[in-house]
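Architecture and fold: a report
Chain by chain, the residues:
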Amino acid sequence: MSNPLADMELPDVIFCIGTNMTETHPVAATRLKKAMRRGAKLIVADPRRIPLAQKADVYLPLRVGSDVALLGAMAHVIVREGLVDREFIEARTEDYEAMSQHVTKFTPEWAESISGVPARDIEAAAILYGKAERGAIYYTLGITEHICGVDNVQSLCNLVLMTGNIGREGTGINPMRGQNNIQGAGDCGALPNNYPGFQPVSDPANQAKFKAAWGVEVDLEPGMTKVRALEACGDGIQAMLICGENTVVSDPDRKHCEHALRSLEHLVVIDIFLTETAALADVVLPAAAWGETDGVFANTERRPQRVRQAVPPMGEAKPDWWIIAQIAQRLGAPGFEWESAKDVFNELCSVSETYAGLDWDLVAEGRHHWPVPEKGHPGTPVLHVGEFLRGRGLFKTPEYRDPAETVDDEYPVWLTTGRRLAHYHTRTMTGRSVGTQFLVPEELVEVHPDDVRDWKLEDGGFAVMASRRGEILVKVKATKQSPRGTVFCSFSFGDVPVNTLTGSGYDPLTDTAELKVCTVNIEAASTAPA
Amino acid sequence: MSDDTNGYELSLLELDGEELKFRAGETLYEVAQRRNKDVPTLCYDPRLEAFGACRLCVVEVDGIRNPVASCTTKAQAGMVVRTKTEALEKHRKTLMELVVSENPEATIDPLRGMASQELGVLAERYGADGSRFQGKHSGSSRPDDPNPMIGRDYDHCISCYRCVRVCAEQEGDYAISIKNRGFGTQITVEFDGFLSDSACTFCGQCVQTCPTGALNDLRARKHEDTPGELEATRSICPYCGVGCSVDIMTKEDTVVAVRPAMDGPANEGALCVKGQFGWEWIQNPERLTKPLVRKGGKGGELVEATWEEALERAAQGFAQVRDTHGRHAVYAVASGRAPHESAYSVQKFIRAGFMSNLVDNCSRA
Ligand code: SF4
Ligand code: SF4
Ligand code: FES
C-alpha cells in the first residue's frame, strides 16, 4: 500500500475495485465505513453485488475481466472534462501526452459495450474521482488475478497520476495483501528476481554484496516463478521444498498440479497439518504453528510487527527456520548457524536496505513502516512523497484484451472465484475452528435466481460445473449477489475443488494465474455426492 | 505542574484542588484520567462517543447544583471540580445497588470477555449487593441462539448499550439494537431472531466491550475448567494482511482465547470473526507432531520417523538431485503465512545452498 491503513478514514472519495473488502479485510473495511459516516463518497467496481456495492454511491457492475476498458474510459472522461492535475503532471510524471492520446478511443459508450456498465455511470464515477480533493484507490486480487493483471494495475496508476492522488495523506494506490505475511515473504527475498529488500539478482553489485555477506556467488540470472516451476516438474525441476503452502488445493488446475508434484524425484513439505500437498511428499516435517513460535509479520501497510510464542510447539514440531537450517547444514551450505528467530531477523536487517534501520527490538511495538533506511529513521508511512522510486511517474498505454477464455456455446457461463469472510484459503485453520465452520459449513456456487430458473437448477440442489480442465459437483445457492450469467465460488473446500476448473491463463509478465475468470458449463446433477 | 500537560492549551481548571491545563473539547473524565483519578465508569468505552447512561462517573462542579456525568461534560476554563467526596461516593453506591439488582448473583468467569469483570469489581468496591431493589431486571437471555461463538445471557445486562454502540460506531454493522427502556430494556437483533440471521459478522466487538459478561465468548468458556492462571501474550493475527494486534490468552500450556489489542496500531481494538473465534486449529489433535518419511519408494507409505532420520533423508534427497541433475533442478516455495524468518531461510536455502534464484512464494495463486 502506498498509504497506511489509518489513512483510510481520510479520503473524500474512495474507489474500491476488485476487492470484497468487508469479507476479505473486514477490519480495514471498518475504517472505510467510518470515512463514509464522515461524508466520504464511495465508488465500487465489482462484477458481483458484494456488500460493499450496496453501500456505494456509484456502483459499476463490470463483466469479469473488463477492467482495462472500464478504467481507460474513466481516464478518457477525466481528460475530456479537464479534471487532470496539470501541475502534478508537469512536475512529477512523464508520457502524459501518449496516455491522453491513447485513451481518446476509450469512450464510455465503447466501454459499455465491453464491460456492460452503463456509460453514464462510468462518467459519474470518473467525475467523482476526478474532482476529489483526496481520492484513494483500494484493490485486491480482483485486479491482479487476470491475464491482464499488470495492465489493470497500470490503468489504475494512470488514474492516480493524472489526478495527482498520490504522495499525500488520504490518497494513493493501495493493494490490500491477502495473507498475513505475503508482504513479508517478498520483503525477505522469497522471489525469483530479488534478494531480500527487493534488490535485483541481475545486478552484479548485489551479487557482490551477497557474496560478501554469505560467502557464495549466486547466479545473476533470475529464477523462474512457481507457476513455471510446476510446469517444469519432472523435467528441469526434480526436487522441491514447499513450506506452509497447500499448493494442490490453492493453485489453479489441480490435476496438473498434483501430476507435477508426483513427478518429482524428491519432495519435502514443511507444514502444520498433513495437507493434500504434504500427503504427496517424500518427507513431511512438522512445523511449530502460530502461537508456538517467535517471529515477524509485515502487514499490507509495510509494517513489520512481532508475533510471539505463547505455548510450546505441539509434539516434536519445530520452527521453520530451524528445520531449514538443519537441512542446509547437512548439505554443507554456509551461514545457517542461527540460534533464534531473532538471529535470523537481524541477519535480514543487515542485508536489506528497506529494513536497514530496523532490528528485532525495534519491531517489538510495530511502529515503523518500511523503508527504514538507517537507524533512527522514523519509517515511511506514505510512499512517493515528492518523488517516485524511479524519479518521475510513468504513464502507460495498456490495451484491452479479452480474458484467456470467453463464453461460448459449450461453456456459456463466467465463473469467478474468491474468498468468504468466515474461511481462509484452504480451510486448514478455519475448517478446524467451531465458530467459523458453523457460519459456512460447505461450499456453494452462487447463481442469480433467474439463472437458477432458466438453467433448470434448484436452490439448495446439486449441480455439475465443468470447464475445459475438469468438473466438480457443488451445491447451488440462488442469490442476487451474482449477476446474470456469472457464478461465484470460493476455493476453500477440498471436497469442492474449484481450482480443478480454473487455470485458463496467466499474466505474461508476472505469471499470476487468471483465477478470477474462466468459463464453465453448469447443469443440474442427477445425483447428490456420496 | 508536571510535564504531561505539554501541548495543552493554557485554559485552567481546578481538579481536586490542583490547577490543570486542558485541551479544547476534552471532557472532565479525560482530564481526570490524565491525572490518574479513580473515577468509576460502566457505560464508557474510550473508542466510543460518550453516552452518559450509567452516571457512575459523576463529579461535583462548583456552581452546578447536581453532580454531572464527567464523561459527557466538556472541561471549561475556571471550573472547580471534585472527583471524590463522601456525597459522590454515596450516590455512586446507590447507583451500583440499583445496577447490581438487575443481575443474578453469579461469578463471572474472566474468559467471558475482556471487560467482563468491570461490574463485579465496582460492585465489590461499593459493597453493593442489590438487595435494596430486588425483583426487577431488564433483559432475558437467549440460550436458544445456536451460534457457537457469542453467548447472549441478557439476564446479566445492565443496559449500558456499549454493545449496540460498538457495533454501530466501530464495526459499522448495526446488527443489534435496543427494544424498550428502563427495566424493560432488551438488547435484540432484527425480528428478535438469532445472530446468524442478522447483519452480525461475529466480529466479537460487543463481547469484548460488555462490562458484565452478558455477551460472552463461548469458545473461550469451554476452558472455564482448564487449570491455570489466565495469561496474555501479545501477537499479530495469523489471517489477512491487515495485521491486527491480538493477545493470545493461555492457561499454562493451553490456548484458551484470542482477544483484540486496544492499542494495536493496525486495528485499534477491532478484529473479525476469523481472528476472534478461529483459533481452535492451533492445538488440534490432527496437527502433525512427528516427522514423516515415505518408506518403500514412491508408492510407499508415510511413516513416523525421528528428526535425525527425517532431516538426513530430506538433505540426501536434495544432494542426490543436485549431483545427478545439477543445482538448477532444485526449487523452493516459501509461505506467505509463516513469519519472516521462515521466508528468509527458504530463500537463503536456495541461494546459499544451490547458488540459484529458483525460489518463489505463494502470492501468484
Ligand atoms: S449486553 Fe452488555 S454491553 Fe450490551 S447493554 Fe447489556 S450490559 Fe451493556
Ligand atoms: S459480533 Fe460484531 S457485528 Fe455482531 S453484534 Fe457484535 S459487534 Fe455487531
Ligand atoms: S461512564 Fe459516564 S455516564 Fe456512564
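So, about the overall build of chain A. Helices and strands together make up the secondary structure of chain A, namely 19 helices and 20 strands. On the principal axes, the C-alpha backbone points of chain A span a range of 65 × 65 × 45 Å. A sequence separation of at least 24 residues applies to 68% of the contacts in chain A between residues at least 6 apart. Per element, the accessible surface of chain A, about 18,200 Å² overall, is 50% carbon and sulfur. Of the side chains in chain A, 52 bear a positive and 72 a negative charge, and the two mean positions are spaced by 6 Å.

The next subject is helix α16 (residues 320–330) of chain A. Among the 11 residues in α16(A), 8 count as buried, and that is most of the element. Along α16(A), the positions that sit buried rather than exposed are A:Asp320, A:Trp321, A:Ile323, A:Ile324, A:Ala325, A:Gln326, A:Ile327 and A:Ala328. At its buried positions, α16(A) is contacted by β9 (239–243), β10 (266–271), β11 (283–286) and α17 (341–351) of chain A together with α8 (307–325) and α9 (340–354) of chain B. A positive backbone phi angle near 80 degrees is found at A:Gly332, which sits one or two residues after α16(A).

Once that is clear, we can look at the nonpolar core. Among the nonpolar cores identified, the biggest contains 161 residues, and A:Met21, A:Met240, A:Ile327, B:Phe318 and B:Phe349 are the most heavily contacted of them. Here the element with the most residues in this core is α8(B); it accounts for 8 residues. Dropping the residues within four chain positions of it, A:Met21 is found in contact with A:Met8, A:Cys16, A:Pro26, A:Ala28, A:Ala29, A:Leu32, A:Leu52, A:Tyr138 and A:Met176.

Turning our attention to the domain arrangement of chain B. All names here are of chain B. Each domain of chain B was delimited in the assignment, giving domain 1 (9–84), domain 2 (99–221), domain 3 (222–287) and domain 4 (292–361). The C-alpha-based centres of domain 1 and domain 2 are spaced at 27 Å. Counting residues at the interface gives 13 residues for domain 1, matched by 17 residues for domain 2. Together domain 1 and domain 2 conceal approximately 1,300 Å² of surface at their shared face, both sides included; 55% is due to carbon and sulfur atoms. Among the residues of domain 1 in contact with domain 2, Leu 42, Arg 47 and Leu 48 are the three that bury the most area, contributing 47% of the side total. Viewed at the interface, domain 2 and domain 1 are joined by 1 salt bridge. Here Arg 125 makes a salt bridge to Asp 38, at a shortest N to O gap of 3.2 Å. Remark: the boundary between domain 1 and domain 2 carries 8 residue pairs in polar contact (both at pLDDT 80 or more).

So, about the interface of chain B and chain A. The partner chain A presents 150 residues to the 117 residues of chain B that form the contact. Of the roughly 11,200 Å² buried where chain B meets chain A, counting both sides, 63% is carbon and sulfur surface. On the surface where chain B and chain A come into contact, there are 9 salt bridges. Here A:Arg330 makes a salt bridge to B:Glu312, at a shortest N to O gap of 3.3 Å. Summed over the shared surface of chain B and chain A, the number is 63 residue pairs in polar contact (both at pLDDT 80 or more). Considering only residue class, the side of chain B that touches chain A consists of 59 nonpolar, 31 polar and 27 charged. Where β11(A) meets strand β13 (residues 292–295) of chain B, 2 bridges bridge the pair, whose relative direction is antiparallel. Bridge assignment links A:Val284 to a residue of β13(B), and that residue is B:Leu292.

A few words on the sheet that holds β11(A). Adjacent strands of a sheet pair through backbone hydrogen bonds, lying either parallel or antiparallel. The mixed open sheet is built from 7 strands, whose spatial order is β14(B)-β13(B)-β11(A)-β10(A)-β9(A)-β15(B)-β16(B). Edge strands, defined here as strands with exactly one partner in the open sheet, are β14 (301–304) and β16 (359–361) of chain B. With strand direction ignored, the average angle separating the axes of adjacent strands in the sheet is 20 degrees. Two elements, β13(B) and β14(B), share 4 bridges in a ladder whose sense is antiparallel. Looking at the pairing, B:Lys295 lines up with B:Glu301 of β14(B). Against the sheet, α9(B) engages β9 of chain A together with β15 (330–334) and β16 of chain B, with an angle of about 165 degrees to β15(B).

Attention now goes to the site of ligand 1. Taken together, 13 residues surround ligand 1, and among them B:Cys157, B:Cys160, B:Tyr161, B:Cys163 and B:Cys210 come closest. Among the residues making up the shell around ligand 1, the classes are represented as 10 nonpolar, 2 polar and 1 charged.

The next subject is the environment of A:Phe438. With respect to the helices and strands, A:Phe438 occurs in helix α18 (residues 434–439). In this structure A:Phe438 comes out as partly exposed when scored by relative accessible area, which is 31%. A C-alpha to C-alpha distance of 9.0 Å links A:Phe438 and A:Ala422, two positions 16 residues apart in sequence. The residues touching A:Phe438, leaving out its near neighbours within four places in the chain, are B:Pro146, B:Asn147, B:Pro148, B:Met149 and B:Ser196.

This brings us to the domain arrangement of chain A. Under the domain assignment used here, chain A contains domain 1 (5–176), domain 2 (178–222 + 287–379), domain 3 (224–286) and domain 4 (413–524). Computed over C-alpha atoms, the centres of domain 1 of chain A and domain 3 of chain A are 37 Å apart.

Right, let's get into the side chain of A:Glu446. Residues and elements named next belong to chain A. Position of Glu 446 relative to the elements: it lies in strand β16 (residues 444–447). Looking at Glu 446, the relative accessible area reads 6%, which means it is buried. For Glu 446, the residues in contact, after removing those within four places along its chain, are Arg 48, Arg 420, Lys 477, Thr 479, Gln 481, Ser 482, Thr 486, Val 487 and Phe 488.

Let us now look at helix α3 (residues 118–125) of chain B. Residue and element names in this part refer to chain B. Listed in full, the buried residues belonging to α3 are Leu 119, Leu 122 and Ala 123. Projection of α3 onto a plane perpendicular to its axis shows the buried side chains occupying an angular sector of 105 degrees, all on one side. Exposed positions of α3 whose direction lies more than 90 degrees from the buried face are Val 121 and Glu 124. Packing partners of the buried residues in α3 comprise α2 (86–101). Residue Gly 127 follows α3 closely and has a positive phi angle near 55 degrees.

Residues and elements named next belong to chain A. Running from N to C, helix α4 (residues 67–80) and helix α10 (residues 149–163) cross one another at 15 degrees; their axes reach a closest spacing of 9 Å. With respect to each other, α4 and α10 are oriented roughly parallel. Between α4 and α10 the crossing geometry is left-handed. Mapping the contact onto sequence places Asp 67, Val 68, Leu 71, Met 74, Ala 75, Ile 78 and Val 79 in α4 and Asp 151, Asn 152, Ser 155, Leu 156, Leu 159, Met 162 and Thr 163 in α10.

Here the bond from A:Trp370 into A:Pro371 is cis, since omega is 0 degrees, no more than 30 degrees from zero. Relative to the assigned elements, A:Pro371 resides in the loop between α17 and β14 (393–394). One non-glycine residue, A:Lys456, adopts positive backbone phi at about 60 degrees. Counting through the fold element by element, A:Lys456 comes out in the loop between α19 (449–454) and β17 (462–467). One non-glycine residue, B:Ser159, adopts positive backbone phi at about 60 degrees. Inspection of the secondary structure puts B:Ser159 in the loop between β6 (150–152) and α4 (162–171). A residue is classified by how much of its surface remains accessible, and B:Ser159, at 13% relative accessible area, is buried.

So, on to the pairing of β10(A). Residues and elements named next belong to chain A. Of all 6 residues making up β10, 6 are buried, and the element is well covered by its neighbours. Neither face of β10 is open: one carries His 266, Val 268 and Ile 270, the other Leu 267, Val 269 and Asp 271, and all of them are buried. Pairing of β9 with β10 involves 5 bridges; the strand directions are parallel. Bridging from a neighbouring strand, Cys 243 pairs with Ile 270 of β10. As defined by bridge partners, β10 adjoins β11 across 4 bridges and the pair is classed as parallel. Residue pairing in the sheet places Ile 270 in a bridge with Leu 285 of β11.

The rules behind each value
Throughout, a residue's number is its position along its own chain's written sequence, starting from 1. Just so you know, chain letters begin at A and ligand numbers begin at 1, following the order they were written in. Given that the model is predicted, a residue must reach a pLDDT of at least 70 before its local features are reported, and side-chain atom pairs must reach 80 or more before they are shown or counted; all residues, however, enter totals for whole chains, interfaces and linings. Hydrogens and waters are ignored; side-chain quantities use all the structure's heavy atoms. Each helix corresponds to a stretch of at least 4 residues labelled H or I by DSSP, and each strand to a stretch of at least 2 residues labelled E; elements are numbered beginning at the N terminus. Whether two residues are in contact is decided by their heavy atoms, any of which lying within 4.5 Å being enough. Per-residue accessibility takes into account occlusion by the displayed protein chains alone, with areas from the Shrake-Rupley method and a 1.4 Å probe. Positive: Lys, Arg. Negative: Asp, Glu. His and the chain ends are not part of the count. The location of each charge is read from NZ of Lys, CZ of Arg, CG of Asp or CD of Glu. Accessible area is worked out with a 1.4 Å probe on protein chains only. A residue is then buried under 20% of its type maximum, exposed over 50%, and partly exposed in between. Nine residue types can take part in a nonpolar core, namely buried Ala, Val, Leu, Ile, Met, Phe, Trp, Tyr and Cys, and a core is a set of them joined through side-chain atoms within 4.5 Å. The source of the domain bounds is an automatic or database domain assignment. Joining two parts hides part of their accessible area as seen by a 1.4 Å probe, and the buried area is that hidden amount summed over both. Salt bridges are identified by distance alone: a Lys or Arg side-chain nitrogen within 4 Å of an Asp or Glu carboxyl oxygen. For this analysis, a polar contact is any N or O atom pair within 3.5 Å, provided that within protein one partner can donate a hydrogen and the other can accept it, and provided that sequence-adjacent residues contribute only side-chain to side-chain pairs. Under this grouping Gly is polar, as are all residues other than the nonpolar Ala, Val, Leu, Ile, Met, Phe, Trp, Tyr, Cys and Pro and the charged Asp, Glu, Lys and Arg. By this definition, two strands are paired if DSSP reports at least two bridges between them. Axis lines are fitted to C-alpha atoms, over the contacting stretch for helices. Their N-to-C directions set the angle, which ranges from 0 to 180 degrees. Residue proximity to a molecule or strand is established when one non-hydrogen atom of the residue lies within 4 Å of it. By arc we mean the arc of the directions from the helix axis to the C-beta atoms, nothing more. Reported orientations rely on four angle classes, namely roughly parallel under 35 degrees, roughly antiparallel over 145, roughly perpendicular from 65 to 115, and oblique for the rest. By definition, turning the near helix anticlockwise from the far helix through less than a right angle yields a left-handed crossing, and turning it clockwise yields a right-handed one.

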